[in-house]
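Each chain, letter by letter, is given below.
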Amino acid sequence: MRFAYLAVLVGCLAGALWLEPVLRVNVLRRWRRLLLTVLPVMGVFAAWDIAAIAAGHWSFDPRQTTGVLLPGGLPLDELLFFLVVPLCAILGFEAVRAVLRLPAGDE
């Protein structure tokens, strides 16, 4: 199924983004902090994937992705994975912290 990878990422976001306004976790409001957390992870894992693709150890089914390839043969979907999954994890973590009323440490 074309766009299956993207559909999974959209599902992940749908399951987590509602936490931002409902529980007021302020993850997206603190976007600089979010980028400083996510961008290094994206860079490391994108480089790792590109190396694995080049070595023939890793591949992606073009029938399930958008078909947009970035330099090194990395599908756009995979790069988005490295953004979406950490974002969802951070939203979940901050939601638990908000519900339990634990300090964030930056008050």
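For the structure itself, look to the data block above.
Structure report, in brief. Keep in mind that what you see is a predicted model, and the values were worked out from it rather than measured.

This part covers the side chain of threonine 65. Here threonine 65 shows up in the loop between helix H3 (31-54) and strand E1 (69-70). Discounting chain neighbours no more than four positions away, the residues touching threonine 65 are Arg2, Phe3, Tyr5, Phe60 and Asp77.

What follows is about the packing of aromatic side chains. Evaluated as defined, the whole model comprises five aromatic pairs. With a centroid separation of 6.1 Å and an interplanar angle of 85 degrees, the aromatic rings of tryptophan 58 and phenylalanine 60 are classed as edge-to-face. Judged by its relative accessible area of 43%, tryptophan 58 falls in the partly exposed class. With centroids separated by 5.7 Å and ring planes inclined at 75 degrees, the aromatic side chains of phenylalanine 81 and phenylalanine 82 adopt a geometry described as edge-to-face. The exposure class of phenylalanine 81 is partly exposed, given its relative accessible area of 30%. For phenylalanine 82, a relative accessible area of 6% puts it in the buried group. Members of the aromatic cluster, joined through ring pairs, are Tyr5, Phe45, Trp48, Phe81 and Phe82. The side chain of arginine 2 reaches across the aromatic face of phenylalanine 3, ending 5.6 Å from its centre.

Moving on, we come to the packing of H3 against helix H4 (residues 76-99). Where H3 contacts H4, the axes come no closer than 9 Å and their chain directions differ by 140 degrees. The angle between H3 and H4 falls in the class oblique. Here the hand of the crossing between H3 and H4 comes out right-handed. On the side of H3, the interface is formed by Leu34, Thr37, Val38, Met42, Phe45, Ala46 and Asp49, while H4 contributes Glu78, Leu79, Phe82, Leu83, Pro86, Leu87 and Ile90. Grouping the constituent residues of the contact of H3 with H4 by class yields eleven nonpolar, one polar and two charged.

Conventions and cut-offs
Every chain's residues receive numbers from 1 upward, in the order its sequence appears when written. Residue-level local features of this predicted model are given only where pLDDT is at least 70; pairs of side-chain atoms are given and counted only at 80 or more, and the full residue set underlies all totals for whole chains, interfaces and linings. Hydrogens are left out, water is left out, and the side-chain values use all remaining heavy atoms of the structure. Secondary structure is summarised from DSSP: a helix means a run of H or I of at least four residues, a strand means a run of E of at least two, and numbering begins at the N terminus for each. Should any heavy atoms of two residues lie within 4.5 Å, those residues are counted as being in contact. When the centres of two rings from Phe, Tyr and Trp lie within 6.5 Å, Trp using its six-membered ring, the rings pair. Their planes under 30 degrees apart give stacked, over 60 give edge-to-face, and anything left gives tilted. For the exposure calls, accessible area comes from a 1.4 Å probe over protein chains only, and a residue counts as buried if that area is under 20% of its type's maximum, exposed if over 50%, partly exposed in between. By definition, being over a ring means that NZ of Lys or CZ of Arg is both within 6 Å of the ring centre and within 35 degrees of the ring normal. Axes here refer to lines fitted to C-alpha atoms; in helices the fit is confined to the stretch in contact. Angles between the N-to-C directions go from 0 to 180 degrees. In this scheme, roughly parallel covers angles under 35 degrees and roughly antiparallel covers those over 145, while 65 to 115 is roughly perpendicular and the rest are oblique. Left-handed describes a crossing in which the near helix is turned anticlockwise from the far one by less than a right angle; the clockwise case is right-handed. Each residue receives one of three labels: charged for Asp, Glu, Lys and Arg, nonpolar for Ala, Val, Leu, Ile, Met, Phe, Trp, Tyr, Cys and Pro, and polar for the others, Gly being one of them.

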